[in-house]
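Architecture and fold: a report
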Amino acid sequence: MSKHPGKSRHIETDLIHAGAENHIAGAVVHPIFQSANYLMSEESSYDELRYIRLNNSPNHHLLHKRLATIENAEAALVASSGMAAITSTLLAILKSGDHMLSHKTLYGGTQMFLEEDALPLGIQHTSIDMADPSGWEAAVTPQTQLIYVEGISNPLMEVGDLRAVVDFARKHDLISVIDNTFLSPVNFRPVELGFDLVVHSATKYLNGHSDLVAGAVIGSTKLVDRVRVKMNRLGGSLDPHACFLLERGLKTLALRVARQGDNAMRLATFLESHKHVRQVHYPGLESHPGHAWAQELFDGFGGMLSFTLHDVAQVQAFLQGLQIPLHAASLGGIESLVVQPARSSHLGLKEEERQRLGILQELVRVSVGIENIDDLLADFAHALDNL
Ligand SMILES: *Cc1c(COP(=O)(O)O)cnc(C)c1O
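Residues numbered from 1 in each chain as written. Predicted model: local features only at pLDDT ≥ 70, side-chain atom pairs only at ≥ 80, totals over all residues. Heavy atoms only, no water.

With that settled, the discussion passes to the pairing of strand β5 (residues 175–179). Remark: a regular strand shows side chains that alternate across the two faces of the sheet. Of all the five residues making up β5, five are buried; the element is thus mostly covered by neighbouring parts of the structure. Direction of pairing for strand β4 (residues 144–150) relative to β5: parallel, over a ladder of five bridges. Looking at the pairing, Tyr148 lines up with Val177 of β5. Read as a crossover between parallel neighbours, the route from β4 over helix α5 (residues 162–171) to β5 is right-handed. Looking at chain direction, β5 and strand β6 (residues 197–201) are connected through three bridges and run parallel. Across the sheet, the residue bridging to Asp179 is Val199, located in β6. (Buried < 20%, exposed > 50% of the residue type's maximum accessible area, 1.4 Å probe, protein only. Helix = DSSP H or I, 4+ residues; strand = E, 2+ residues; numbered from the N terminus. Pairing = 2+ DSSP bridges. Right-handed = clockwise from strand over helix to strand, strands pointing away.)

Here it is, written out as structure tokens:
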């Protein structure tokens, strides 16, 4: 546990207790404060008024403390979705005329925001490969303010040279932002490495039960406050009931992520040896190009993997042959999910663009759940053997 500098407690403990020191009316579980507004007290600014849209009910305060603690950061802010967290962050930092660098395969919603919304507002971006620092210097302009990467990218599970990203950002005075959704703070705490801001779709691992949509922004008090004030105006607040469910989900994050990582490693190893599988993308495998970085920086490799079949005609039969994983988008829940990225998350891209990015029709993505691994292995073996 040497990878938790400056902390006396472990993440398993903080996930349950951090921020919940006040037991209201003796309740073991922090109750839901279903009140839109609160009595006036000594507020000296608009952002101090107590109101759900300003993300400052007791349910929000608890989550902010807990999320900051588990990411080993000063401050955190919850949002109504991962996209609310991401768009509020980018709009808080960038203005018309500014430029940013971003990894070439981002979460689809983020990429669409950059193309369809940020560009018309005058905010430009240049795609870089987060695994290859040799191309970054040439992409920087005097207007560049920010560098944006993902801890593990979708759907090819790429891992970047994240230490180089932090050094590069410092050298060029850029704000470094990382989407840490796929890893969760159990596997990686980017602020410890020197990232300025971490964003999450809390819909995924942080909540872990596929029953709400939420987001989070985590980092220094100064930067998180900048995002908070912007989000107060944009309106991306999280409802107290969703706060309550997210807090409940967080308590089991360490258990879930540990099991998902174990299951994913076993499944990836099995798939790599199967004759109908051409290539497996999982950072825990030695064959993965980012394996050495993942091993150095992460405490676990996560529960997401993808693989290609030899023949695109086999994909539908394979998906239909599976009994346990559900055929659905999204990820990070306790149930295993399978999806064909070219027909779901990356359906919006042109075929040649998908080819260029390596997102082939034969690619299948798996969000590995916490089911019994022998049952999962038997199910995948059965579906593959029948092809
Ligand atoms: C799902 C996801 C998002 C968007 O989050 P929402 O909660 O759906 O708004 C952003 N980044 C990554 C990596 C995701 O998987």
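Domains assigned within the protein are domain 1 (11–250) and domain 2 (254–385). Relative to domain 2, the C-alpha centre of domain 1 lies at a distance of 26 Å. The interface of domain 1 with domain 2 comprises 35 residues on the first partner and 35 residues on the second. Across the domain 1 to domain 2 interface the summed buried area is about 2900 Å²; carbon plus sulfur atoms make up 62%. Counting across the domain 1 and domain 2 interface gives two salt bridges. (Domains from an automatic or database assignment. Contact = heavy atoms within 4.5 Å. Buried area = accessible area lost by both parts, 1.4 Å probe. Salt bridge = Lys/Arg side-chain N within 4 Å of Asp/Glu carboxyl O.)

Hydrogen bonds along the backbone pair up the strands of a sheet, which may run parallel or antiparallel. Spatially, five strands are ordered β8-β9-β12-β11-β10 in an open sheet, and the strand pairing comes out mixed. Pairing within the sheet leaves two strands with one partner each, and these edge strands are β8 (277–281) and β10 (326–327). Here strand β9 (residues 304–309) pairs with strand β12 (residues 363–367) via five bridges, running antiparallel. Bridge assignment links Met304 to a residue of β12, and that residue is Ser367. The strands touched by helix α10 (residues 253–272) are β8, β9 and β12; relative to β9, the strand with the most contacts, the crossing angle is about 15°. (Axes fitted to C-alpha atoms, helices over the stretch in contact; angles between N-to-C directions.)

Around the ligand, 14 residues are found, and the nearest of them are Met83, Asp179, Ser201, Thr203 and Lys204. Between Thr203 and the ligand, the recorded distance is 2.6 Å, taken from a side-chain N or O atom to an oxygen atom. In isolation the ligand has 380 Å² of accessible area, and contact with the protein removes 91% of it. Its residues assigned to classes, the shell around the ligand comprises seven nonpolar, five polar and two charged. (Near = heavy atom within 4 Å. Polar contact = N/O pair within 3.5 Å; in protein donor to acceptor, adjacent residues only side chain to side chain. Areas by Shrake-Rupley, 256 points an atom, 1.4 Å probe, with all protein chains shown as cover. Nonpolar A, V, L, I, M, F, W, Y, C, P; charged D, E, K, R; others polar.)

This part is about the packing of aromatic side chains. This structure, assessed with the given rule, holds five aromatic pairs. When the centroid spacing of 6.4 Å and the interplanar angle of 75° are considered together, the rings of Tyr282 and Phe301 count as edge-to-face. Of this pair, Tyr282 sits in the loop between β8 and α11 (291–297) while Phe301 sits in the loop between α11 and β9, placing them 19 residues apart in sequence. This pair shows no difference in class: Tyr282 is buried, exactly as Phe301 is. Seen from their ring centres, Phe307 and Phe318 are 5.7 Å apart, and the 85° between their planes marks the pair as edge-to-face. Pair noted here: Phe307 is in strand β9 and Phe318 is in helix α12 (residues 315–321), with a separation of 11 residues, a long-range link. Taken as a pair, Phe307 and Phe318 share a single burial class, namely buried. Taken together, Phe307, Phe318 and Phe380 form an aromatic cluster joined through their ring pairs. (Phe/Tyr/Trp six-rings, centres within 6.5 Å; stacked < 30°, edge-to-face > 60°.)

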